[in-house]
Amino acid sequence: MDDIYLIEIRLAMTKWRIRKTISYIGRLFSIQGFLEHHPHVTLFGPFTLNEGVSSRQLIDILSQVAAGYNPIPFTIDGWEMRQGIHGNVIAFPVRPSDSLKKLTSSVAGILSPLTYSHNIWDAHPDSKWFHVTVANRMDPVQAATVFSVLTGRQQEQPPLGILLRLRNMLRRVISRKKGTRSARLPWMMQDSGLR
Amino acid sequence: MKGEDILTEYDLLEKRWISNDHSHSSKSWQKTLALFRQQSGFERLDPLPSPNEDIFLIADLHLGHANIIRYCSRPFLFSDVREMDHVLIKNWNYTISPANRVYYLGDLRYGTDALPALQYRQKLKGNITFVTGNHDDGVPDAVPSCLLDYGGFRFLLVHDPADCRPAFDGWVIHGHHHNNDLRHYPFIDFEHRRINVSAEVIGYCPVNLKDICELIREHMSRGDMTPILLKYPYCTE
């Protein structure tokens, strides 16, 4: 695991809202074990370095690419479910800007000869699925249930026990009184990758 | 990332690698956000004077409200609400001349840490008409809504568009929704004739009504009813 690398763009301004929403979904569907706790957009990987290539070389070569870019805008919009490497993935799809697509292609172009990627899409950066993972490693039935509620295809609440419903109701009342907000879904959000 | 850890981060604004030790420090992130605001036009660095007859609009500054930074993804450090207030007030005063008419569409300040509304008001230039928002108190001459004829259009200015009479057949300019529901409340919704001037939607600087009228005319003449989500560039693909 320690020799597995990922090249990611961090969420900037939207990070808190996305984390809050992911955590809310985890509680709502009792899927905390499947959640992504560090939301990001993956540009390349997971991958391992070819023999003879060091972390230092990786950083040096990425510097050459990254230096040509300013903040990378993208829009997070709606929900999507796909089959991932380790089971089903529920994610916020990302509408990439031209600069995000170009950066991804450049990173793939420069890293492909030096690495072995476990992500087949890294060989086809033009067809890359840009997304922010909400939950992964889910079985198909569980993922389909969550996805149908998130997308409004299933109007009824997910199967919650009476105690859980009471707890959720209480939380809503408390947060309204305190003037804080619970997560609401879904959002369309604009962000810019700064790092 | 290497394994579960951040190996290093490249800052696209500062054009340098940030070692893991410093990547999450508030100071470092604050500096990055400030550069981002300045580069994106979310923070004015110089006054941009406009003709005296120009009319400006903005809503939902939420001065003094730290949580709004996280709730609405504002480009500020969460813990530094004073910096947010400073930039928003500076943006206002670099945009507005003392003779300009400004319509402020509600929610000037919020929370127990915020200054009284009158203190904020004294810092803002222009001939300001305050429209009441759901969080407003202490703005003595605020009005619930107002009508404005400008550029061949009739506008109703109100904080929450839900408070608009259904029979009104002009354009509603509103705030209240921030950037929380861009699908239903984008910057300009040509179909429902609604314009959202919440600070986050228009890039944290008051917007000139003349520019709004031009956008409406331009889109209507092309028959283009595609909403404009934000006043600043965004990804549409």
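Residues numbered from 1 in each chain as written. Chains lettered and ligands numbered in written order. Predicted model: local features only at pLDDT ≥ 70, side-chain atom pairs only at ≥ 80, totals over all residues. Heavy atoms only, no water.

## Some thoughts on the overall build of chain A
So, point 1. Scanning chain A from N- to C-terminus turns up five helices and eight strands.
So, point 2. Secondary structure elements in chain A, listed N-terminal to C-terminal, are β-α-β-α-β-β-β-α-β-β-α-α-β.
So, point 3. Across the 195 residues in chain A, those meeting the buried criterion constitute 50%.
So, point 4. Taking as baseline every contact in chain A between residues at least 6 positions apart, the subset at least 24 positions apart corresponds to 82%.
So, point 5. Summed over all atoms, the accessible surface of chain A reaches about 9,800 Å², with 55% contributed by carbon and sulfur. (Helix = DSSP H or I, 4+ residues; strand = E, 2+ residues; numbered from the N terminus. Buried < 20%, exposed > 50% of the residue type's maximum accessible area, 1.4 Å probe, protein only. Contact = heavy atoms within 4.5 Å. Areas by Shrake-Rupley, 256 points an atom, 1.4 Å probe, with all protein chains shown as cover.)

## Quick notes on the environment of Gly151(B)
Residues and elements named next belong to chain B.
So, point 1. Examined against the element boundaries, Gly151 turns out to sit in the loop between strand 6 (145-150) and strand 7 (153-158).
So, point 2. By relative accessible area, Gly151 is classed as partly exposed at 40%.
So, point 3. Note: C-alpha distance between Gly151 and Ile212 (61 residues apart in sequence) is 9.7 Å.
So, point 4. When near neighbours in sequence (up to four residues on either side) are disregarded, Gly151 contacts Cys213 and Arg217.

## Re helix 3 (residues 81-95) of chain B
Residues and elements named next belong to chain B.
So, point 1. Given a rise of 1.5 Å per residue, 15 residues ought to cover 21 Å, and the 21 Å separating the end C-alpha atoms of helix 3 matches this to within 8%.
So, point 2. Counting buried positions over the 15 residues of helix 3 gives twelve, a clear majority of the element.
So, point 3. Those residues of helix 3 lying buried are Val81, Glu83, Met84, Asp85, Val87, Leu88, Ile89, Lys90, Asn91, Trp92, Asn93 and Thr95.
So, point 4. Contact partners of the buried residues in helix 3: helix 1 (26-40), strand 3 (55-58), helix 2 (67-71), strand 4 (101-104), helix 4 (117-122) and strand 5 (127-130). (Expected span 1.5 Å × (residues − 1).)

## Some remarks on the sheet that holds strand 3 of chain B
So, point 1. Spatially, 5-4-3-11 (chain B) is the arrangement adopted by the four strands of the open sheet, whose pairing is mixed. The strands lining the two open edges of the sheet, one partner per strand, are strand 5 and strand 11 (207-208) of chain B. (Pairing = 2+ DSSP bridges.)

## What about the interface of chain B and chain A?
So, point 1. Facing 41 residues of chain B, the contacting portion of chain A comprises 43 residues.
So, point 2. In total, chain B and chain A occlude about 3,800 Å² of area from one another, counting both sides; carbon and sulfur atoms represent 56% of this.
So, point 3. For chain B, the biggest contributors to the area lost against chain A are Leu12(B), Tyr71(B) and Cys235(B); these three give 19% of the whole.
So, point 4. If you look at where chain B meets chain A, you find three salt bridges.
So, point 5. Where chain B packs against chain A, one counts 15 residue pairs in polar contact (both at pLDDT 80 or more).
So, point 6. Within the residue set of the side of chain B that touches chain A, elements represented by two or more residues are strand 1 (9-11), strand 2 (16-18), helix 1 and helix 2 of chain B.
So, point 7. With six residues, the single largest contributor to the side of chain B that touches chain A is helix 1 of chain B.
So, point 8. Taken together, the residues that form the side of chain B that touches chain A break down as 21 nonpolar, eleven polar and nine charged. (Buried area = accessible area lost by both parts, 1.4 Å probe. Salt bridge = Lys/Arg side-chain N within 4 Å of Asp/Glu carboxyl O. Polar contact = N/O pair within 3.5 Å; in protein donor to acceptor, adjacent residues only side chain to side chain. Nonpolar A, V, L, I, M, F, W, Y, C, P; charged D, E, K, R; others polar.)

## Side note on the pairing of strand 2 (residues 40-49) of chain A
Residue and element names in this part refer to chain A.
So, point 1. Of all the ten residues making up strand 2, eight are buried; the element is thus mostly covered by neighbouring parts of the structure.
So, point 2. As judged from the three bridges shared by strand 2 and strand 6 (residues 115-117), these two strands associate in the antiparallel manner. Across the sheet, the residue bridging to Thr48 is Tyr116, located in strand 6.

## A word on the sheet that holds strand 8 (residues 171-174) of chain B
All names here are of chain B.
So, point 1. A sheet is described by the order of its strands in space; here five strands give the open sequence 6-7-8-10-9, paired in mixed fashion. On the outer flanks of this sheet lie strand 6 and strand 9 (188-189), each paired with one strand and no other.
So, point 2. Pairing geometry for strand 7 and strand 8, over three bridges, is parallel. Within strand 8, the residue paired with Leu156 across the bridge is Val172.
So, point 3. Contacts from helix 5 (residues 209-222) reach strand 6, strand 7, strand 8, strand 9 and strand 10 (194-196) within the one sheet, and its direction differs from that of strand 7 by about 125°. (Axes fitted to C-alpha atoms, helices over the stretch in contact; angles between N-to-C directions.)

## Quick word on helix 4 (residues 140-150) of chain A
All names here are of chain A.
So, point 1. Considered for burial, the residues of helix 4 that qualify are Ala143, Val146, Phe147, Ser148, Val149 and Leu150.
So, point 2. In this fold, the buried residues of helix 4 make contact with helix 1 (15-29), strand 4 (80-84), strand 5 (87-96) and strand 7 (131-138).
So, point 3. At the N-terminal boundary of helix 4, the capping side chain belongs to Asp139, with an oxygen 3.0 Å from the backbone nitrogen of Val141.
So, point 4. Taken from the residues just after helix 4, Gly152 is the one with a positive phi, measuring 80°.

## Description of the confidence of the model for chain B
So, point 1. Taken residue by residue, chain B gives an average pLDDT of 94. The fraction at 70 or more is 97%.
So, point 2. Across the assembled chains, the prediction reports ipTM 0.89 with pTM 0.88. (pLDDT = per-residue confidence, 0-100.)

## Description of the nonpolar core
So, point 1. The biggest cluster of nonpolar side chains holds 69 residues, and the ones touching the most others in it are Leu57(B), Phe155(B), Ile195(B), Val197(B) and Leu209(B).
So, point 2. Ranked by the residues each element gives to this core, the list is headed by helix 3 of chain B, at six residues.
So, point 3. Among the nonpolar cores identified, the runner-up in size contains 47 residues, and Phe29(A), Phe92(A), Phe130(A) and Phe147(A) belong to it. (Core = buried A, V, L, I, M, F, W, Y, C linked by side-chain atoms within 4.5 Å.)

## So, the side chain of Ser192(A)
So, point 1. Examined against the element boundaries, Ser192(A) turns out to sit in strand 8 (residues 188-193).
So, point 2. When its relative accessible area of 8% is taken as the criterion, Ser192(A) is described as buried.

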